[in-house]
Structure formats: C-alpha cells, structure tokens
Amino acid sequence: MGKLTDVALRCVIVALLAGALFLQVLMLVLLFRDPGSTGDGELPRVPVALIVVLGIGCAETVLVCVWRLAAMARRGTVFSSPAFRYVDVVTGAFAGAALLLWTLGAVLAPGEAVAPGVVLLIGVVGLAVFGVALVVLVLRTLLAQAVARDVQATRMQAELDEVI
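Every residue gets a number counted from 1 within its own chain, in the order that chain's sequence is written. Under the rules for a predicted model, residues below a pLDDT of 70 receive no local features and side-chain atom pairs below 80 are neither given nor counted, while totals for whole chains, interfaces and linings still include all residues. Hydrogens and waters are ignored; side-chain quantities use all the structure's heavy atoms.

Novice: Would you take a moment to explain the overall build of the protein for this structure?
Specialist: Helix and strand assignments come from DSSP, with helices taken as H or I runs of at least 4 residues and strands as E runs of at least 2, each series counted from the N terminus. For the protein, the helix and strand inventory stands at four helices and zero strands. Secondary structure elements of the protein, listed N to C terminal, follow the sequence α-α-α-α. Radius of gyration: over C-alpha atoms. The globule rule applied is 2.2 Å multiplied by the number of residues raised to the 0.38 power. The C-alpha atoms of the protein give 21 Å as radius of gyration, which overshoots the globular expectation for 164 residues (15 Å, by more than 25%). Projecting the C-alpha coordinates of the protein onto the three principal axes gives extents of approximately 80 × 30 × 20 Å. Here the term buried applies to any residue with accessible area under 20% of the maximum for its type, exposed to any over 50%, and partly exposed to those in between, with areas from a 1.4 Å probe on protein chains only. Expressed as a percentage of the 164 residues in the protein, the buried residues total 27%. Charged residues are defined narrowly, with Lys and Arg counted positive, Asp and Glu counted negative, and His plus the chain ends left uncounted. Charge positions are represented by NZ for Lys, CZ for Arg, CG for Asp and CD for Glu. When the 11 positive and 11 negative side-chain charges of the protein are each reduced to one mean point, those points stand 8 Å apart.

In structure tokens:
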C-alpha cells in the first residue's frame, strides 16, 4: 500500500469515526432530552434510536478493524494469524448490522408511521449488508489460504537452506 493511499485511508477513517461518534451522542442527547410519546402514527423513538446507535457502533467497529488491518499491511504482517481476529470482528459487525436492520424493519412494520415499501427496502438493505458479511467471510478463507501458503513457503525455504 502506498504512502498516499495510507494517509488518505487514515484521514477517511478518522473523519468517519468522528462523524459517527457525533451522531451517536446527538441521537442519545435528543432521545433523553425529549423522549416524547409514541402516539398512533408516530415512530417508536426509543427502539429506533437504540437500533441506530447500535448500528453506528457496528460501523465504528468495522472502521477500527480496517485501521488495524491497514497498519498490519503497512508492516507486512497482514498475512498472519492475528489478522484473523480483525476479519472475524468485521464479519460479526456486518452480520450484527444486518440483524439490526431487520429488527428496525420489524419495529417499523406495525402501524401507519412508515409505508410498507420502506420496511421492504430496509429488509433488502439488511440482506445486502448480510451479503457483505458473507463476502468478508470468503475473503477470510482467502486469507487463511494465503497464510497457509506463506507457512508452507517458509518451511520449504528452510529445508532448501539446509540442503544448500
């Protein structure tokens, strides 16, 4: 990874983390300042706000893991066993975000506050996010194969060095 790419990635991650943290705090402040009543035709504020805050937490988790993986790539240690931990957390965060989206759809489905098409759209977006989790799982498998090949190449190099 080039130096410019690394700096750009770090700047984007920092900006996204700052924005996500700001949104989380803002959501919680607005929720506790004016919890309001959920009359007929209104959104259930507390469950929706909680789901949104947890969803932003999933995004923050992914950003931190990408930061750590980029640091490992910069040091040349990304093809090692410790990288699996971060990839597994990213997979879990995407799967959790998909579950949160489906929960949001279930919370919004009853009543007249949200059109059925919006609930369907939330379900489809949840399916897409779950698809991303599956793609990351496939990439984890590729990482495992690369680590195994690296270990095998190191072992073969050691045997060749003994012969020579």
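Novice: Just checking my understanding: could you explain the environment of G131 for this structure?
Specialist: Counting through the fold element by element, G131 comes out in helix α4 (residues 116–163). A sequence separation of 120 residues divides G131 from C11, and the C-alpha atoms of the two residues are 27 Å apart.

Novice: Teacher, can you tell me more about the pattern of salt bridges here?
Specialist: A pair can form between side chains of opposite charge whenever their charged atoms are brought close. A pair is scored as a salt bridge if a Lys or Arg side-chain nitrogen falls within 4 Å of a carboxyl oxygen belonging to Asp or Glu. Scanning all chains against the criterion turns up three salt bridges. For the salt bridge of D6 with R10, the shortest nitrogen-to-oxygen distance reads 3.5 Å. With D6 and R10 both in helix α1 (residues 3–33) and four residues apart, the pair spans about one turn of that helix. Note that D88 and R140 form a salt bridge whose closest N and O atoms lie 2.5 Å from each other. Here D88, found in helix α3 (residues 82–108), pairs with R140, found in helix α4; they are 52 residues apart in sequence, far enough to count as distant. A residue is classified by how much of its surface remains accessible, and D88, at 35% relative accessible area, is partly exposed. Residues joined by salt bridges that share partners form a network here, namely D6, R10 and R74.

Novice: How do you make sense of α4 when you look at a structure like this?
Specialist: Since there are 3.6 residues in each turn of an α-helix, residues three or four apart along the chain are aligned in direction. Working rule for helices: expected span equals 1.5 Å times residues minus one. Over its 48 residues, α4 extends 71 Å from the first C-alpha to the last, a length consistent with the 70 Å expected when each residue adds 1.5 Å. Taken residue by residue, α4 has V119, I122, G126, V129, A133, V136, L143 and V147 as its buried positions. It only takes one pair of heavy atoms within 4.5 Å for two residues to be counted as in contact. Of the surrounding secondary structure, the elements contacted by the buried residues of α4 are α3.

Novice: Looking at this structure, I do not really get empty space enclosed by the protein. What am I missing?
Specialist: Picture a little ball the size of a water molecule; that probe, rolled over the atoms, points out where space is still empty. Lining residues are defined by having an atom within 4 Å of a point belonging to a cavity or pocket. Those points lie on a 1 Å grid over the protein atoms alone, cavities being sets where a 1.4 Å probe fits but cannot get out and pockets being open sets with protein on both sides within 12 Å along at least five of seven lines. Grid points are joined across faces, edges and corners, and a volume is the space filled by probe spheres set on the points. Counted under the stated rule, the structure contains one cavity of 30 Å³ or more. In this model, the largest cavity occupies a volume close to 30 Å³. In terms of lining residues, the largest cavity is bounded by D6, L9, R10, I13, W67, A70 and R74. Here the lining of the largest cavity takes four residues from α1, the largest share from any one element. For the lining of the largest cavity, the per-class residue count stands at four nonpolar, no polar and three charged. In the scheme used here, Gly and all other residues not listed as nonpolar or charged are polar, with Ala, Val, Leu, Ile, Met, Phe, Trp, Tyr, Cys and Pro taken as nonpolar and Asp, Glu, Lys and Arg as charged.

Novice: What is the right way to look at the nonpolar core in this model?
Specialist: Buried together is how nonpolar side chains tend to be arranged in soluble globular proteins. One finds L69, M72, A83, L104, L108 and L143 to be the most contacted residues of the largest nonpolar core, which totals 26 residues. Counting only elements with at least two residues in this core, the list comes to α2 (45–75), α3 and α4. We call a set of buried Ala, Val, Leu, Ile, Met, Phe, Trp, Tyr and Cys residues a nonpolar core when their side-chain atoms join them within 4.5 Å.

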